[in-house]
Amino acid sequence: MSPFPPGRGLLAAEWTKLRSLRSTPLILAVAAAATLSLAVFQARSAVRSWDAWGPRARTEFDPVFGTFTGFQPAQFAFGLLGVLAVTAEYGTGTIRATFAATPRRGRVVAAKLLVIGGIALAAGVLLAFLTFFTGQAALAARHLDVGLGDPNVLRAVLGQGFYIGTVALLGAAIGMIVRHTAGATAVVVGLLFLSVIVLKGISNSPALVRWAPGVAGEGLTWTTFHDPEWPSAGFATLVCLTYLAVTTTAAALCVTRRDV
């Protein structure tokens, strides 16, 4: 008999599955290395070329957004983390044992999403703070750095961590719907990187393009400058929550209504 209450035991089981995957530490390490190295590269590039920049480029320079470009590859890494956390179990067939142990599949879905989302959010926020401090340390050479107490800065750092957690949950939800690693990964890539092209093809209206997840993710990290064509932080948060609501609801329906 489990030493944990049913809910806690299920969460503990999902945590064990996630940390036992070989891909989990590798994905997190790659995401961290890419994000931090690109933050340093972008910051040093700005420091070196600052004197050659015109007035407009200097006005539009955002010391937080400019050093967060490494989150472009990181969002794919976290999306893949969410996918693999689900599809690995389907691929090995162990999902049958999970459903046999917990016939109420809705609880399984909730536990998976809570564990994956919680770990991804914690890792994303930690990585956002590390990236921020690393990038600002490099920008300090020309006094271009900002602090967490400056306007919109803390919101942008936390917003980037929130977005990374959102992407991992999207990957997990899509993994539950598709159930195959390659197919789910293709959907995640399309949603994160190709949706902008598709939405622009449908209409040149900025209002429609703002609904692309990647655009919303960038809208969360503007601080000192904001392009009017990009979504506000509030609207970007709404976009993320909308995608989460739709995909997790669809995932729950797929899991509970299928035989496996």
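Please read these numbers as outputs of a predicted model, since none were measured by experiment.

What counts as what
Residues numbered from 1 in each chain as written. Predicted model: local features only at pLDDT ≥ 70, side-chain atom pairs only at ≥ 80, totals over all residues. Heavy atoms only, no water. Core = buried A, V, L, I, M, F, W, Y, C linked by side-chain atoms within 4.5 Å. Buried < 20%, exposed > 50% of the residue type's maximum accessible area, 1.4 Å probe, protein only. Contact = heavy atoms within 4.5 Å. Axes fitted to C-alpha atoms, helices over the stretch in contact; angles between N-to-C directions. Helix = DSSP H or I, 4+ residues; strand = E, 2+ residues; numbered from the N terminus. Parallel < 35°, antiparallel > 145°, perpendicular 65-115°, else oblique. Left-handed = near helix turned anticlockwise from the far one by under 90°. 1 Å grid on protein atoms, 1.4 Å probe; cavity = no way out; pocket = protein on both sides within 12 Å on 5 of 7 lines; lining within 4 Å. Points joined across faces, edges and corners; volume = space filled by probe spheres on them. Nonpolar A, V, L, I, M, F, W, Y, C, P; charged D, E, K, R; others polar. Expected span 1.5 Å × (residues − 1).

1. A word on the nonpolar core
Counting 53 residues, the largest nonpolar core has Val64, Phe71, Phe78, Phe132 and Met176 as the members making the most contacts within it. Look past the residues within four positions of Met176 in its chain and what remains in contact with it is Val86, Tyr90, Val109, Lys112, Leu113, Ala251, Cys254, Val255 and Arg258. Within the second largest apolar cluster, eight residues are counted, among which are Ala46, Trp50, Phe61 and Leu144.

2. A word on the packing of helix H7 (residues 153-178) against helix H11 (residues 233-257)
The N-to-C vectors of H7 and H11 enclose an angle of 20 degrees; their axes lie 9 Å apart at closest approach. As judged from the angle between their axes, H7 and H11 are roughly parallel. Of the two possible hands of crossing, H7 and H11 adopt the one that is left-handed. Contacts between H7 and H11 involve Arg155, Phe162, Tyr163, Thr166, Leu169, Leu170, Ala173, Met176 and Ile177 from the first element and Ala233, Thr237, Cys240, Leu241, Tyr243, Leu244, Thr247, Thr248, Ala250, Ala251, Cys254 and Val255 from the second.

3. Describing empty space enclosed by the protein
With the rule as written, the count across this model stands at two cavities of 30 Å³ or more. Empty space within the largest cavity amounts to approximately 60 Å³. Among the secondary structure elements, those contributing two or more residues to the lining of the largest cavity are helix H1 (6-20) and helix H6 (105-139). Residues belonging to the lining of the largest cavity are distributed by class as follows: four nonpolar, no polar and three charged. Here the second largest cavity defines a volume of roughly 40 Å³. In terms of lining, the second largest cavity is formed by Val86, Tyr90, Ile95, Phe99, Val108, Val109, Lys112, Met176 and Val255. The set of elements that each furnish at least two residues to the lining of the second largest cavity consists of helix H4 (71-92), helix H5 (95-101) and H6.

4. Regarding helix H2 (residues 23-49)
Each full turn of the α-helix corresponds to 3.6 residues, which orients residues three or four apart in the same direction. Taking 1.5 Å of rise per residue, 27 residues should cover 39 Å, and H2 covers 38 Å from first to last C-alpha, within 8% of that figure. What H2 keeps buried is the set Thr24, Ile27, Ala31, Thr35, Ala39, Ala43, Ala46 and Val47.

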